[in-house]
Amino acid sequence: MEHPIIQQVVEHPGVREEEEEEDGEEEDNNMRVEGAFGGMPSHSTFRYKHKKRSKVWEEYKPIFLNGKVQFAECLYCRSRMSCKDSNGTSHLWRHQKICPGKEDVMRRRLKDSYFPCVLVNDNEPVTPGDPVNRIISETLDDINSVIPSRFKSKVWKEFSPIYVEGKLQAADCLHCHKRLSANKYGGRSHLSRHLQTCQARSQKGVFYPSSLPSLKSRGQDELSPSLTNGKVHTADYNSKLIRPGISGDNSLVARPIQVAPAHQPMPTADFPSLKKQRTSFVSAIADIGTRKVDQGTAYQELARMIALHGYPLSMVEHEEMRRFVKNLNPLVNTVSHNDMVEHCCALFQKEKANLKDKLALSSRRVSLSASIWTADGAEPAVNYLCLTAHFIDKDWKVQRMIIKFGMFQSSPTNVERLIHCKEACVPESESGAYNVIWDAIRDWNLDQKLLSLTSVGEVRDDASTSMLKGILVDKKYLPIRGKLYDIACVDDFLNNIVSEVQQYIMHLVGHMVTEFFGAHTSSSSNQQELVEVISQMSLKCPQEDAKWWHKILFRLEVLLHFKKSFPSEDVASPEDIRVAESICKILRTFYRVIEVISSPSSPTANMYFNEIWKVRTVLQEEASNEHGEISTVVREMQEMFNRYWEDLYLWLCIPVILDPRFKISFIEFRLKRAFGLKSESYLSDIRGTLQELFHEYCSSVDQPNGVATESEAFDADFNDSLDDWDQHLNEQASSQKSTELDNYLEDGLVPRKDDFDILNWWMCHTTKYPRLAAIAQDILAMPASAVQSEAAFTSRGPVIPKYHSMLSIKTIEALVCTRDWMR
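Structural notes, computed from the coordinates. Owing to the predicted nature of the structure, the values given are computational and were not obtained by experimental measurement.

## Things to note about the overall build of the protein
Consideration 1: Looking only at helices and strands, the protein has 31 helices and 14 strands in total.
Consideration 2: Counting all 823 residues of the protein, 45% fall into the buried class.
Consideration 3: In the protein, the proportion of contacts linking residues at least 24 apart, taken out of those at least 6 apart, comes to 69%.

Put into structure tokens, the structure is as follows:
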């Protein structure tokens, strides 16, 4: 039967480290030691079979097992190291160079090193009378005798080894006291990397304490995990840790201790083995340790976060943010507000370059939309122009992205901006609708790729916008002389129609709404009834800054729902209810049309005609209302709608013709029933525009360059005899081109289905109708709204945060555009 101490040590053979020093003096690797297990021979009776022996044995006491030397115990620090036949003695020489007890052995021997008393029975200390003496203090030298010590790497000069179950499992940094994995599977390179980034080590300077920690600290680290919450795990077959020897000798006989952290259960059949846990943990640590700190990438990700969530740039200078970053990685330098501006602008330029390539490769023509943004505040003194590009990419997916954010107009008395902004104010050459749009066209190379511009009233009524259209038409940048270029924003003109009759609507239903809500918010019981009705409604409650007519619509809906839910209550007179129903019907139609057209999902242009026609239909129905005041208000709204229709009908009808479910027969049906004989002029204009657009696209597809080269012109001089043949071929090709449009219009209609995807249909029919598919790819991307529905129902439209309004216009553009691109 083997000695228990030896049994414990043999289970943990020494492992060669990754970083080794050079060997010491030459030693005899084939040394054999004879002895008896029953009584270990003294150092003086140590006999050698060979003539030559190493002098290192003058510093060690040999430990025998079955007559062979297996371990060497240092005479100074009492560390016990493996010393089998195949191990040699070079590690013994290296230990003597760094032995902590060699110079101070006498002082260490005089120290009284015992474990403190551990409380296991509530607050009472352990006494000799406790069952089987489960926890008894033991000298640190004896505990150390069962711990193998082989510290070859220099890194152990700054780490303290931690043992669990007698095996090396972790290492504590002597500077910051951080505990890292250090078992035999993980190597020591991650310890070296930690020393390079250890903040505590850099603050107090590099120093090299002794390679081996004191015996007291090692013993405490050995048992410290097991003493958490007063829990100690021992082997089932060890009921006592210390007992007197059989022969009456009072020397200690150590029993192996099985130590495990209190928070980690012992390995069982259902629990992963410690070896697998250690391997997984070391792999994760090694993966993290191999990563290098890339501060440029870190700052770029921080810029993404700020732009995406609209955080203020000054957050990087907050003390809490600086502490957070330092705790994550001390090597990452903190940045200032100005540094963050540069990183945001750099990120903007990087993303912009990628999108330029995407825009150049993914589309034929691009439609633009222009909206006005304001700064968040009581009285914004600066208006911004936001320019968005809309197109269908090569995969037939609708794309929209902001390409320019510039200054539209600024109050000359904006002293605050004059003080806060570095450039003071934007010069006139860089502000205004013309300058902002033209700069974006040149910057994104869109001069020969434009199709349309959808803009709000402020931009559309600007004189410079008309001048820009004239320049583009003169340079022949726009197809069919810009007939589809200038488009009114639908939600903007619908809002104008309602605003023109605001005073009449408030006169008809204002007092009714005020009296109803005043009566049903006066008591808690009435409020409860009101809340119950509102909870049953499917309408969204408008925001505080919603348009006035949106708030009136919501309150009229609540009033009418309340009347249905509680018919016995006297809400309003029957006449007032009929007036409320008529006004609510009109406003509800306006609301739903704007909601569809300005949807964030970017609907295709073939949907606009049907939505606008709903507005015309409801106005026509309510114009014959029996209530005189309502009919008067509606007729005034009809007049405004008809003025807008003259500008809208052309670009509304062309996309419908490209819808294989309707084509031109649907347009003929609608216009003839609505306008009678007058419809012929509309239909003639629509057919002519479609033919002109088709032939222009045919020319651009067949002759992309448009100009013959000199060699082609030179060759033509020698082929004059075949000019008539070339002309004949061109006439045939022109006839075939016209046949493509005629075939499409004459083919049967596609059945209407709820899940019909018009873009997928054109993608599948590109081979059959190549030129019409190119037209559809451009026409169907035209937007009807310059803003999304979230801002379309607010009184101020899109806004930027107040803390961003004091930044320079270049920085604001970087933040707004980057946020839009990352969504």
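## Quick look at the packing of helix α21 (residues 608–622) against helix α22 (residues 628–657)
Consideration 1: Contact geometry of α21 with α22 gives a least axis separation of 9 Å together with a crossing angle of 160°. Viewed along their axes, α21 and α22 adopt a mutual orientation that is roughly antiparallel. Read as a crossing pair, α21 and α22 show a hand that is left-handed. Where α21 approaches α22, its residues Tyr608, Phe609, Ile612, Trp613, Val615, Arg616, Leu619, Gln620 and Glu622 are matched on the opposing element by Ile630, Ser631, Val634, Met637, Gln638, Phe641, Trp645, Trp651, Leu652, Cys653 and Val656.

## With respect to helix α9 (residues 295–309)
The periodicity of an α-helix, 3.6 residues per turn, causes residues three or four positions apart to be oriented the same way.
Consideration 1: Between its terminal C-alpha atoms α9 stretches 21 Å, which fits the 21 Å expected from 15 residues at 1.5 Å a residue.
Consideration 2: What α9 keeps buried is the set Tyr299, Leu302, Ala303, Ile306 and Ala307. All buried residues of α9 lie within an arc of 130° about the axis, which places them on one face of the element.
Consideration 3: For α9, the elements touching its buried residues are α10 (319–328), α11 (337–362) and α31 (809–822).
Consideration 4: At the C-terminal side of α9, Gly310 shows a positive phi close to 70°.

## Description of the sheet that holds strand β6 (residues 159–164)
Within a sheet, adjacent strands bond to each other through the backbone by hydrogen bonds, running parallel or antiparallel.
Consideration 1: Read across the sheet, three strands follow the order β6-β7-β8 without closing on themselves; strand pairing throughout is antiparallel. Bordering the open sheet on either side are β6 and β8 (179–181), each of which pairs with just one other strand. Averaged over neighbouring strand pairs, the angle between their axes works out to 35° when direction is ignored.
Consideration 2: As paired elements, strand β7 (residues 167–173) and β8 share three bridges and run antiparallel to each other. Of the residues in β8, the one forming a bridge with Ala170 is Ser181.
Consideration 3: Along the sheet face, helix α5 (residues 189–197) touches β6, β7 and β8 and points at about 150° away from the line of β8.

## A closer look at the sheet that holds strand β3 (residues 80–82)
Consideration 1: An order of β1-β2-β3 is seen for the three strands of this open sheet, with the pairing classed as antiparallel. Across the chains shown, the open sheet's two edge strands, defined by having one partner strand only, are β1 (60–65) and β3. Going from strand to strand, the sheet's axes swing by 35° on average, the running direction of each strand aside.
Consideration 2: Two elements, strand β2 (residues 68–74) and β3, share three bridges in a ladder whose sense is antiparallel. Across the sheet, Ala72 pairs through a bridge with Met81, a residue of β3.
Consideration 3: Docked against the sheet, helix α2 (residues 90–98) engages β1, β2 and β3, running at close to 155° with respect to β3.

## Quick notes on the pattern of salt bridges
Consideration 1: Overall, the coordinates contain 25 salt bridges when judged by the stated rule.
Consideration 2: We note a salt bridge from Arg304 to Glu301, for which the minimum N-O separation is 3.8 Å. Taken together, the residues Arg304 and Glu301, both in helix α9 and three residues apart, mark about one turn of the helix.
Consideration 3: For Glu301, a relative accessible area of 44% corresponds to the partly exposed category.
Consideration 4: Among the salt bridges present, the one from Asp747 reaches Lys768, with a minimum N-O distance of 3.6 Å. Taken together, the residues Asp747 in the loop between α26 (723–746) and α27 (758–764) and Lys768 in the loop between α27 and α28 (770–779) connect sequence positions 21 residues apart.
Consideration 5: Look at Asp747 and you get partly exposed, because its relative accessible area is 30%.
Consideration 6: The exposure class of Lys768 is exposed, given its relative accessible area of 51%.
Consideration 7: Salt bridges sharing common partners tie together Lys61, Glu73, Arg78 and Arg80.

## Some points on unusual backbone geometry
Consideration 1: For His177, which is not glycine, the phi torsion reads 60° and is therefore positive.
Consideration 2: Summarising the element assignment, His177 is placed in the loop between β7 and β8.
Consideration 3: Here His177 falls in the exposed class, since its relative accessible area comes to 63%.
Consideration 4: A positive phi angle, near 60°, is found at Arg481, a position not held by glycine.
Consideration 5: By the element assignment, Arg481 lies in the loop between α15 (463–474) and β13 (486–488).

## Some points on the packing of aromatic side chains
Consideration 1: Taken as a whole, this structure holds 28 aromatic pairs when the rule is applied.
Consideration 2: Ring centres of Trp444 and Trp821 lie 6.3 Å apart, and the angle between their planes is 70°; on these two criteria the pair is classed as edge-to-face. Here the residue Trp444 occupies a position in the loop between α13 (433–443) and β12 (450–455), and Trp821 occupies one in helix α31, the gap between them amounting to 377 residues. Taken individually, Trp444 and Trp821 each receive the classification buried, so the pair is uniform in this respect.
Consideration 3: Members of the aromatic cluster, connected to one another through ring pairs, are Phe609, Trp613, Trp645, Tyr649, Phe662, Phe666, Phe675 and Tyr682.

## Here's the deal with the nonpolar core
Consideration 1: Core analysis: the biggest nonpolar cluster contains 107 residues, and Trp651, Ile667 and Trp762 have the highest contact counts within it.
Consideration 2: With sequence-adjacent residues up to four places away left out, Trp762 is seen in contact with Trp396, Leu658, Pro660, Tyr744, Tyr769, Leu772, Ala773, Ala776 and Leu780.
Consideration 3: Within the second largest apolar cluster, 66 residues are counted, among which are Ala303, Val366, Ala375 and Leu387.

## Things to note about the pairing of β7
Consideration 1: Summarising burial for β7: five of the seven residues are buried, a large majority.
Consideration 2: Sheet topology note: the β6/β7 ladder contains six bridges and is antiparallel. When the bridges of β7 are listed, Tyr163 appears paired with Leu168.

## Quick notes on the environment of Asn383
Consideration 1: Examined against the element boundaries, Asn383 turns out to sit in strand β10 (residues 382–392).
Consideration 2: Those residues in contact with Asn383, other than ones at most four positions away along the chain, are Ile372, Trp373, Thr374, Met407, Phe408, Gln409 and Glu458.

## Some details on the pairing of β12
Consideration 1: Burial analysis of β12 places six of its six residues in the buried class, the great majority of the element.
Consideration 2: Two elements, strand β9 (residues 366–375) and β12, share five bridges in a ladder whose sense is parallel. Opposite Ser367, over in β12, you have Ser452 as the bridge partner.
Consideration 3: Note that β12 and β13 share three bridges and pair parallel. Within β13, the residue paired with Leu453 across the bridge is Asp486.

## A look at α11
Consideration 1: With 26 residues, α11 should cover 38 Å at 1.5 Å per step; its first-to-last C-alpha distance of 37 Å lies within 8% of that length.
Consideration 2: Looking only at α11, the buried set comprises Met340, Val341, Cys344, Leu347, Phe348, Glu351, Lys352, Leu355, Leu359 and Ser362.

## So, the side chain of Thr794
Consideration 1: For Thr794, the position within the fold is in the loop between α29 (789–792) and β14 (799–800).
Consideration 2: Given the relative accessible area of 11%, Thr794 is considered buried.
Consideration 3: A distance of 3.1 Å separates the side chain of Thr794 from the backbone nitrogen of Gly797, its partner in a polar contact.
Consideration 4: Leave out the neighbours within four places in its chain, and Thr794 touches Asp545, Ala546 and Lys547.

## Comments concerning the state of the cysteines
Consideration 1: Under the criterion given, the structure shown has zero disulfides.
Consideration 2: Cysteine Cys817 remains unbridged, with the sulfur of Cys386 as its closest cysteine sulfur at 6.9 Å.
Consideration 3: Take Cys817: its relative accessible area is 0%, and that puts it in the buried class.

## Side note on the packing of helix α20 (residues 574–597) against α21
Consideration 1: Closest axis-to-axis distance for the α20/α21 pair is 10 Å, and the angle between their directions is 175°. The orientation of α20 relative to α21 falls into the category roughly antiparallel. Residue-level contacts link Ser582, Lys585, Ile586, Thr589, Phe590, Val593, Val596 and Ile597 of α20 to Tyr608, Glu611, Ile612, Lys614, Val615, Val618, Leu619, Glu621 and Glu622 of α21.
Consideration 2: The residue inventory of the contact of α20 with α21, partitioned by class, reads 10 nonpolar, two polar and five charged.

What counts, and at which threshold
Residues numbered from 1 in each chain as written. Predicted model: local features only at pLDDT ≥ 70, side-chain atom pairs only at ≥ 80, totals over all residues. Heavy atoms only, no water. Helix = DSSP H or I, 4+ residues; strand = E, 2+ residues; numbered from the N terminus. Buried < 20%, exposed > 50% of the residue type's maximum accessible area, 1.4 Å probe, protein only. Contact = heavy atoms within 4.5 Å. Axes fitted to C-alpha atoms, helices over the stretch in contact; angles between N-to-C directions. Parallel < 35°, antiparallel > 145°, perpendicular 65-115°, else oblique. Left-handed = near helix turned anticlockwise from the far one by under 90°. Expected span 1.5 Å × (residues − 1). Arc of directions from axis to C-beta. Pairing = 2+ DSSP bridges. Salt bridge = Lys/Arg side-chain N within 4 Å of Asp/Glu carboxyl O. Phe/Tyr/Trp six-rings, centres within 6.5 Å; stacked < 30°, edge-to-face > 60°. Core = buried A, V, L, I, M, F, W, Y, C linked by side-chain atoms within 4.5 Å. Polar contact = N/O pair within 3.5 Å; in protein donor to acceptor, adjacent residues only side chain to side chain. Disulfide = S-S within 2.5 Å. Nonpolar A, V, L, I, M, F, W, Y, C, P; charged D, E, K, R; others polar.

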